[in-house]
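Here is how the chains run, residue by residue.
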Amino acid sequence: MKLKKIDQAQLPTPWGDFKIVGFKEIENKKNHVALLHGKIMSNSPILVRIHSECLTGDALFSLRCDCGMQLQESFKKITEEGSGVLIYHRQEGRNIGLLNKIRAYALQDKGLDTVEANHVLGFSADERSFVSCVKILNLLNIKKIKLLTNNPLKIQTLSKLGIEVIERVKLIIKKNKKNSEYLSTKEKKMGHLF
């Protein structure tokens, strides 16, 4: 898979100033962005969050997941650290797409959990590939990271693809009555660490 850096610009946020860098996958034209804060030095470990796109959580403030709250907390932690990178990974719904995610939500409304709903729709629990994220880190000349995640599979995958994850930084969001079952499923069926 080939990935190309397109351009960059300043992006002020409520948490601090970032530089937004756009990337495009050459074959399928899918776009991703990296948000850089502070001085990024390639010889020291950088705090990194790989945040997979979640329109419902990130932009529409859904309470049925923890995505939007994780995104906001990631901005906060990176600016508190003084430097870091947030990769906004354009693989909606663990890469099943927005419309299939809505179908999965409808199945969850009928009693299935998020993993069962994906299986009924013909998908695995997690369809994401993190190859594009590794390519972004490589283009940014980042080899050692402190990964902001609760997902051990993400750590294993990045490590296999040549990124040295020297530390996992937890990203715990408080449960609410709308997402407690979702978070329990992530923990019990997907191995997320809370």
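Above this text is the structure in question.
So, here is what we can say about the structure in this document. Each chain carries its own residue numbering, running from 1 in the written order of its sequence. In keeping with the model being predicted, local features are shown solely for residues with a pLDDT of at least 70 and side-chain atom pairs are shown and tallied solely at 80 or more, while totals for entire chains, interfaces and linings include all residues. Hydrogens and water are ignored here; the side-chain numbers use all heavy atoms of the structure.

1. Overview of the environment of tyrosine 105
The test is simple: Here a strand is any run of E in DSSP of at least two residues, a helix any run of H or I of at least four, and the numbering for each starts at the N terminus. The classification of residues rests on relative accessible area computed with a 1.4 Å probe and restricted to protein chains. Under 20% of the type maximum is buried, over 50% is exposed, and intermediate values are partly exposed.
Position of tyrosine 105 among the secondary structure elements: in helix H4 (residues 98-109). For tyrosine 105, a relative accessible area of 15% puts it in the buried group. On a C-alpha basis, the gap between tyrosine 105 and glutamate 73 in space is 24 Å, while along the polypeptide they are 32 residues apart.

2. Some words on the pattern of salt bridges
For the record, the criterion: Salt bridges, as used here, are contacts in which a Lys or Arg side-chain nitrogen is within 4 Å of a carboxyl oxygen on Asp or Glu.
On inspection of all chains with the given rule, the structure shows six salt bridges. Taking the shortest distance from any N to any O, the salt bridge between lysine 146 and glutamate 81 comes out at 2.4 Å. Taken together, the residues span a long stretch of sequence, with lysine 146 in strand S6 (residues 144-148) and glutamate 81 in helix H2 (residues 67-81) at a distance of 65 residues. The exposure class of lysine 146 is buried, given its relative accessible area of 17%.

3. A look at the side chain of serine 52
Our working definition: Within 3.5 Å is the distance limit for a polar contact, defined as a pair of N or O atoms, with the added protein rule that one can donate a hydrogen and the other accept it, and that residues adjacent in sequence qualify only through two side-chain atoms. A contact between two residues is defined here by any heavy atoms of the two lying within 4.5 Å.
On the secondary structure map, serine 52 appears in strand S4 (residues 46-52). Separated by 3.3 Å, the side chains of serine 52 and histidine 89 make a polar contact. Within the structure, the side chain of serine 52 is placed 2.9 Å from the side chain of arginine 128, a separation counted as a polar contact. If we skip the residues at most four places from it in the chain, serine 52 touches Asp58, His89, Gln91, Arg128 and Phe130.

4. Considering the nonpolar core
Applicable threshold: Side-chain atoms within 4.5 Å link the members of a nonpolar core, which is a set of buried Ala, Val, Leu, Ile, Met, Phe, Trp, Tyr and Cys residues.
Within the largest apolar cluster, 23 residues are counted, with the highest numbers of intra-cluster contacts made by Ala34, Val48, Val85, Ile87, Leu140, Ile145 and Leu158. Only strand S2 (16-25), strand S3 (31-37), S4, strand S5 (84-89), helix H6 (131-139), S6 and helix H7 (152-160) provide two or more residues apiece to this core. In this structure valine 48 touches Val85, Leu137, Ile145, Lys146, Leu147 and Leu148, once residues within four positions along its chain are discounted. Counting eleven residues, the second largest nonpolar core, distinct from the first, contains Phe18, Leu47, Val169 and Leu171.

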